[in-house]
Amino acid sequence: MRIALSQLTTGPDPGKNLRLVEEWTRRAADAGARVVVFPEASMACFGTSLAPLAEPLDGPWADGVRRIAHATGTVVVAGMFTPADGGRVANTLLAAGPGVEASYDKIHLYDAFGYRESDTVAAGSATTIIDVDGVRLGLATCYDVRFPELFRAHADAGAAATLLAASWGAGPGKREQWELLVRARALDATVWLAAVGQADPGPGTGPGSAPTGIGHSRVVGPDGTVRHALGAEPELLLADLDIDEVAAVRRRTSVLANRRPEVWR
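Attention in this report is confined to the structure presented alongside it.

**Looking at empty space enclosed by the protein**
Here comes step 1: Applying the stated rule across the entire model yields 1 cavity of 30 Å³ or more.
Here comes step 2: Lining the largest cavity are Tyr110, Cys142, Tyr143, Arg146, Ser167, Trp168, Gly169, Lys174 and Pro211.

**Re helix H4 (residues 174–189)**
Here comes step 1: Here H4 is 16 residues long and its end C-alpha atoms lie 23 Å apart, about the 22 Å a rise of 1.5 Å per residue gives.
Here comes step 2: Those residues of H4 that sit buried are Lys174, Trp178, Glu179, Leu181, Val182, Arg185, Ala186, Asp188 and Ala189.
Here comes step 3: Of the surrounding secondary structure, the elements contacted by the buried residues of H4 are helix H3 (148–156), strand E11 (161–166), strand E12 (192–197), strand E13 (218–220) and helix H5 (244–252).
Here comes step 4: Downstream of H4 by a residue or two, threonine 190 has a phi angle that is positive, lying close to 50 degrees.

**A look at the nonpolar core**
Here comes step 1: Of all hydrophobic cores here, the largest spans 49 residues; its most connected members are Ile130 and Leu164.
Here comes step 2: Those residues in contact with isoleucine 130, other than ones at most four positions away along the chain, are Val75, Ala95, Val100, Ala102, Val135, Arg136, Leu137 and Leu139.

**Comments concerning the sheet that holds strand E14 (residues 226–229)**
Here comes step 1: Read from one edge of the open sheet, 6 strands run E9-E10-E11-E12-E13-E14, paired in mixed fashion. Of all strands in the sheet, those with a lone pairing partner are strand E9 (129–132) and E14, marking the two edges. With direction set aside, neighbouring strand axes in the sheet form an average angle of 20 degrees.
Here comes step 2: Note: E12 against E13, 3 bridges, orientation antiparallel. Bridged to alanine 195 within E13 is arginine 218.

**Structural notes on the packing of helix H1 (residues 14–30) against helix H2 (residues 60–72)**
Here comes step 1: It is the contact of H1 with H2, at a shortest axis distance of 10 Å, that shows an interaxial angle of 15 degrees. Judged on the interaxial angle alone, H2 and H1 are roughly parallel. The two elements H1 and H2 meet at a crossing, and its hand is right-handed. Between H1 and H2, the residues in contact are Pro14, Leu18, Val21, Glu22, Thr25, Arg26 and Ala29 and Trp61, Gly64, Val65, Arg67, Ile68, Ala71 and Thr72, respectively.
Here comes step 2: When the residues that make up the contact of H1 with H2 are grouped by side-chain class, the tally is 8 nonpolar, 3 polar and 3 charged.

**Structural notes on the pattern of salt bridges**
Here comes step 1: Considering all chains together, one arrives at 19 salt bridges under this definition.
Here comes step 2: A salt bridge links glutamate 40 to lysine 106, with the nearest nitrogen and oxygen atoms 3.1 Å apart. Linking glutamate 40 in the loop between strand E2 (35–37) and H2 with lysine 106 in the loop between strand E5 (100–105) and strand E6 (111–112), this pair joins segments that are 66 residues apart in sequence. Each member of the pair, glutamate 40 as well as lysine 106, carries the same accessibility label: buried.
Here comes step 3: Shared partners join several salt bridges into a network, and the residues in it are Glu22, Arg26 and Arg67.

**Structural notes on the pairing of E14**
Here comes step 1: As paired strands, E13 and E14 are joined by 3 bridges and run antiparallel to one another. Among the inter-strand pairings, arginine 218 is bridged to a residue of E14, identified as alanine 229.
Here comes step 2: Where E13 folds back on E14, the antiparallel hairpin that results is connected by 5 residues, among which glycine 224 adopts a positive phi of roughly 85 degrees.

**Notes on the side chain of lysine 174**
Here comes step 1: Relative to the assigned elements, lysine 174 resides in helix H4.
Here comes step 2: The buried charged residue lysine 174 lacks any salt bridge, with glutamate 176 as its nearest oppositely charged partner at 9.6 Å.
Here comes step 3: The residues contacting lysine 174, other than those within four sequence positions of it, are Tyr110, Phe113, Arg146, Trp168 and Gly169.

**Brief notes about the packing of H3 against H4**
Here comes step 1: Direction vectors running N to C along H3 and H4 enclose 40 degrees, while the axes themselves pass 8 Å from each other. In terms of axis orientation, H3 runs oblique to H4. Between H3 and H4 the crossing geometry is right-handed. Along the contact surface, H3 presents Pro148, Phe151, Arg152 and Ala155, while H4 presents Arg185, Asp188 and Ala189.
Here comes step 2: Of the residues belonging to the contact of H3 with H4, the class tally is 4 nonpolar, no polar and 3 charged.

**Things to note about unusual backbone geometry**
Here comes step 1: One non-glycine residue with positive phi stands out, namely phenylalanine 113, at about 55 degrees.
Here comes step 2: Examined against the element boundaries, phenylalanine 113 turns out to sit in the loop between E6 and strand E7 (115–116).
Here comes step 3: Notably, cysteine 142 is not glycine yet its phi reads approximately 45 degrees, a positive angle.
Here comes step 4: Turning to its location among the elements, cysteine 142 is positioned in the loop between strand E10 (135–141) and H3.

Definitions and cut-offs
- Residues numbered from 1 in each chain as written.
- Predicted model: local features only at pLDDT ≥ 70, side-chain atom pairs only at ≥ 80, totals over all residues.
- Heavy atoms only, no water.
- 1 Å grid on protein atoms, 1.4 Å probe; cavity = no way out; pocket = protein on both sides within 12 Å on 5 of 7 lines; lining within 4 Å.
- Points joined across faces, edges and corners; volume = space filled by probe spheres on them.
- Helix = DSSP H or I, 4+ residues; strand = E, 2+ residues; numbered from the N terminus.
- Expected span 1.5 Å × (residues − 1).
- Buried < 20%, exposed > 50% of the residue type's maximum accessible area, 1.4 Å probe, protein only.
- Contact = heavy atoms within 4.5 Å.
- Core = buried A, V, L, I, M, F, W, Y, C linked by side-chain atoms within 4.5 Å.
- Pairing = 2+ DSSP bridges.
- Axes fitted to C-alpha atoms, helices over the stretch in contact; angles between N-to-C directions.
- Parallel < 35°, antiparallel > 145°, perpendicular 65-115°, else oblique.
- Left-handed = near helix turned anticlockwise from the far one by under 90°.
- Nonpolar A, V, L, I, M, F, W, Y, C, P; charged D, E, K, R; others polar.
- Salt bridge = Lys/Arg side-chain N within 4 Å of Asp/Glu carboxyl O.
- Lys, Arg positive; Asp, Glu negative; His and termini not counted.

Fair warning: the whole summary comes from geometry, so function is off the table for now.
Below, the structure is given as structure tokens:
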């Protein structure tokens, strides 16, 4: 399965960002991608007042993503914000395209490193798996990468890969943590891990402590090895995932089969 990771930089205007989604999706489709994955906060960057911009899954921004996906014959996965209770929003991944319609609300909220996502965002409570051409793919968002249970849940549900959309916060050691965590989650669950982040917006452009991206998107194999990696700048990454490799790695590295969950209950 050929996938594309769209490492771009979005701004505060959902309309302009939707035009970016269309441009990058068409580039990916022209290169033969079946699935095109965009970062967290593709609808509007962090540091923006999110509640006034949030739209339901049947709103115009999501419908625009669906139109783009169907026009290009791809499955598009993109981060947006949907209304939630109490004046907050949900940090939502929309997955749409021919034969696919699903969404995932980020479960683990980024209350760390001086930022409190939970002040404005309500946590999700359910995992999401999509099926594309008979291949199961799990969805995850940014801070979720610190919690291996979610990725193992994807594997238990039959996923061969997890698509991780992020807008990673900058800071000392943060890039190294990102690279380590992405590899670890692939190896924990023996899945392909396709992790796309917002590109680094450049010096002086980040709004305070808001996580606006560092780039360094990557595709990691089910054995934990990095197969493709980008730098900090906007770039499109294309990768062919060998789905059969997942079963081969699981036969050699039996971490899922050898678990003892009853010990930790």
